[in-house]
There are 2 protein chains.
Amino acid sequence: MELLSVPKRGTSAREYVYETLKRSIIFLSLKPGQSITEQEIAEKLSVSRTPVREAFIRLVQEGLLETYPQKGTVVSLIDLERVDEARFMRRTLEKAILRLACESFPSDLAFELRSNLALQEVCLEEQNFIRLFELDEEFHRLIYRGCKKERIWDLIAQINADFRRIRVLKLSLGIGVGEVVQQHREIAGAIFDHNATRIEELVEVHLPQNDPGFERLRREYPEYFA
Amino acid sequence: MELLSVPKRGTSAREYVYETLKRSIIFLSLKPGQSITEQEIAEKLSVSRTPVREAFIRLVQEGLLETYPQKGTVVSLIDLERVDEARFMRRTLEKAILRLACESFPSDLAFELRSNLALQEVCLEEQNFIRLFELDEEFHRLIYRGCKKERIWDLIAQINADFRRIRVLKLSLGIGVGEVVQQHREIAGAIFDHNATRIEELVEVHLPQNDPGFERLRREYPEYFA
DNA sequence: ATGAATATATTAGTATGGTAGTATGCAAAA
DNA sequence: TTTTGCATACTACCATACTAATATATTCAT
């Protein structure tokens, strides 16, 4: 088992373990359904069981781990119902947020949005999908921040963990990468032009209700799904 | 310091501590801004510090506690910006959910909704505001469940913790109790009649954008607010 | 050979002691 | 009187030891 370690400095052991595990789960270095134990992680990361347990507790709360007392802990399977709910939530909120953004959006964040888009183009050309993924998340966060609704994005990010694993799977199959960047361009354009007329349509395309890609993922990786 | 203890049986010490503290915070038995320590809670609840620490971690994640390493832990102040965001989120989602509910709603849950409303009336007459508060939460949860979106409600409940403390403060001043029950009646009526025309208006009234009651609360309990 | 009873190993849950960082009070100096 | 240095107490963080529950392996009787 390989863990995607993160810098340990300037932070507590708990935070270090938490970030490492979270990253490992989302980028599928820890597989959905895989069993792990406190002891094992503690040894791998050279800490005691205590901070590991405490990181586990947070990850359970976010739905990324499931702990069974006296039995063990497993990485949660990807639950497509939960993904559907997360998408519904994002669709609904993002329409409302984008309408706000089209009314007014602070210029400094608009600049950051443009920069982010430019970087997305670069990553697309260079096929750097991991970085593109991070830019995607940052893109949406910027929009929420511009509307003073960043806490909502943080909350979405929690229920969205499954959604993120799906994204990683899709990226690994190279599904729909270019389209997403194009959609981001159009969404940003709507904000810059204060033009809310296409918001509904753009969001529906960006976060469709029925994603046919799901079926393919399910066929390719049946053991990852609940 | 008094804690609102909950039944301890059939659950872990961690869960027991967590539920007890959460209840105590929401019902303001632990005051916003108040300092608490692991040691102190452990002694009061007759458990060791470990399950207390672990309960603290969950409560920090939900925004109800703030821990400062080597300094201490305090009950979070009520943050009105956060409350505004929570309301925005609920307004937006609840409109969408209620539109779904007006299209179709399972009959067994419709029955539970009717029962819940009847109990709300009873509590209103008997001035049992604590129970009414719980029924209120259950009312909304039932609607989300009927639309197969219960996870979203669970998530809202997290960001909503501040919102719930506000409700408790309002109830203690007897603000707007009757109105809320009436609003619930109308919302339920819309679902039963499959009539979505007034949804927008009902939600705006139930979860207003600007609540003048806030100012009064702020005057009455300035030390509770950030 | 098979099944049940028992022993062993493994797990998360809990308790406890030590550590390092922080605040506080007091005494000494300015 | 005010400020500085220091001792003390207090905190959350972490490591470790122990407990209780579960799963697995082994033994023994049939």
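From a predicted model like this one, the values you see are computed outputs, not experimental measurements.

Looking at the interface of chain A and chain B
And then number 1: Between chain A and chain B, the residue contacts involve 26 residues of the former and 26 residues of the latter.
And then number 2: Of the roughly 2,600 Å² buried between chain A and chain B on both sides combined, carbon and sulfur atoms contribute 61%.
And then number 3: By the criterion of area lost to chain B, the three top residues of chain A are Q61, E85 and R151 of chain A, representing 27% of everything that side buries.
And then number 4: Summed over the shared surface of chain A and chain B, the number is six salt bridges.
And then number 5: Here R53 of chain B makes a salt bridge to E54 of chain A, at a shortest N to O gap of 2.8 Å.
And then number 6: The interface formed by chain A and chain B includes 10 residue pairs in polar contact (both at pLDDT 80 or more).
And then number 7: Counting residues per element, the ones that place at least two in the side of chain A that touches chain B are α3 (49-61), α4 (80-103) and α7 (150-159) of chain A.
And then number 8: Counting residues per element, the side of chain A that touches chain B draws most heavily on α4 of chain A, at 10 residues.
And then number 9: Here the side of chain A that touches chain B is built from residues that sort into 10 nonpolar, three polar and 13 charged.

As for the domain arrangement of chain A
Residues and elements named next belong to chain A.
And then number 1: When its domains are assigned, chain A resolves into domain 1 (13-75) and domain 2 (80-224).
And then number 2: Taking the mean C-alpha position of each, domain 1 and domain 2 sit 27 Å from one another.
And then number 3: Taken residue by residue, the interface counts 12 residues in domain 1 and 12 residues in domain 2.
And then number 4: Summed over both partners, the interface of domain 1 with domain 2 comes to about 1,100 Å²; 65% of that surface belongs to carbon and sulfur atoms.
And then number 5: Of all residues in domain 1, I26, F27 and P32 bury the most surface against domain 2, accounting for 46% of the area lost on that side.
And then number 6: Summed over the shared surface of domain 1 and domain 2, the number is one salt bridge.
And then number 7: Between E134 and R23 there is a salt bridge whose closest N-O contact spans 3.8 Å.
And then number 8: Our count for the contact surface shared by domain 1 and domain 2 stands at one residue pair in polar contact (both at pLDDT 80 or more).

Notes on the protein's contact with DNA strand D
And then number 1: The local shell around DNA strand D holds 21 residues, among which A13, S48 and T50 of chain A together with R49 and R53 of chain B are the closest.
And then number 2: For DNA strand D, the backbone portion of the atoms within 4 Å of the protein, that is sugar and phosphate, comes to 68%.
And then number 3: T50 of chain A is positioned such that a nitrogen or oxygen atom in its side chain is 2.7 Å from a base nitrogen of DNA strand D.
And then number 4: In the model, a phosphate oxygen of DNA strand D is placed 3.2 Å from a nitrogen or oxygen of the E38 of chain B main chain.
And then number 5: Those elements that provide at least two residues to the surface near DNA strand D are α1 (13-26) and α3 of chain A together with α3 (49-61) and β3 (72-75) of chain B.
And then number 6: A class-by-class count of the residues in the surface near DNA strand D yields six nonpolar, eight polar and seven charged.

What about the packing of helix α2 (residues 38-45) of chain B against α3 of chain B?
Residue and element names in this part refer to chain B.
And then number 1: At a closest axis distance of 9 Å, the pairing of α2 and α3 adopts a crossing angle of 115°. By crossing handedness, the relation of α2 to α3 is classed as right-handed. Residues E38, Q39, I41 and A42 of α2 form the contact with α3, whose own contacting residues are R49, V52, R53 and F56.
And then number 2: Taken together, the residues of the contact of α2 with α3 sort by class into four nonpolar, one polar and three charged.

Focus: the protein's contact with DNA strand C
And then number 1: Near DNA strand C there are 22 residues, and of these R53 of chain A together with A13, S48, R49 and T50 of chain B occur at the shortest range.
And then number 2: By atom count, sugar and phosphate contribute 62% of the portion of DNA strand C lying within 4 Å of the protein.
And then number 3: Note that a base oxygen of DNA strand C is positioned 2.9 Å from one of the side-chain N or O atoms of R49 of chain A.
And then number 4: At 3.1 Å from a base nitrogen of DNA strand C is found a side-chain nitrogen or oxygen belonging to Q70 of chain A.
And then number 5: For the surface near DNA strand C, the elements supplying multiple residues, two or more each, are α3, β2 (65-68) and β3 (72-75) of chain A together with α1 (13-26) and α3 of chain B.

Examining the sheet that holds strand β1 (residues 35-36) of chain A
All names here are of chain A.
And then number 1: Taken together, the three strands give an open sheet; going across it, the order is β1-β3-β2, and neighbouring strands pair in antiparallel fashion. Either end of the sheet is taken by a strand with one partner, and the two such strands are β1 and β2.
And then number 2: Looking at chain direction, β1 and β3 are connected through two bridges and run antiparallel. If you follow I36 over to β3, its bridge partner there is T73.

Focus on the nonpolar core
And then number 1: Judged by nonpolar contacts, the single largest core of 108 residues is most densely connected at M89, I143 and F225 of chain A together with M89, I143 and F225 of chain B.
And then number 2: When near neighbours in sequence (up to four residues on either side) are disregarded, I143 of chain A contacts I97, L98, A101, F105, L113, I187 and I191 of chain A.

Reading the values: the criteria
Residues numbered from 1 in each chain as written. Chains lettered and ligands numbered in written order. Predicted model: local features only at pLDDT ≥ 70, side-chain atom pairs only at ≥ 80, totals over all residues. Heavy atoms only, no water. Contact = heavy atoms within 4.5 Å. Buried area = accessible area lost by both parts, 1.4 Å probe. Salt bridge = Lys/Arg side-chain N within 4 Å of Asp/Glu carboxyl O. Polar contact = N/O pair within 3.5 Å; in protein donor to acceptor, adjacent residues only side chain to side chain. Helix = DSSP H or I, 4+ residues; strand = E, 2+ residues; numbered from the N terminus. Nonpolar A, V, L, I, M, F, W, Y, C, P; charged D, E, K, R; others polar. Domains from an automatic or database assignment. Near = heavy atom within 4 Å. Axes fitted to C-alpha atoms, helices over the stretch in contact; angles between N-to-C directions. Left-handed = near helix turned anticlockwise from the far one by under 90°. Pairing = 2+ DSSP bridges. Core = buried A, V, L, I, M, F, W, Y, C linked by side-chain atoms within 4.5 Å. Buried < 20%, exposed > 50% of the residue type's maximum accessible area, 1.4 Å probe, protein only.

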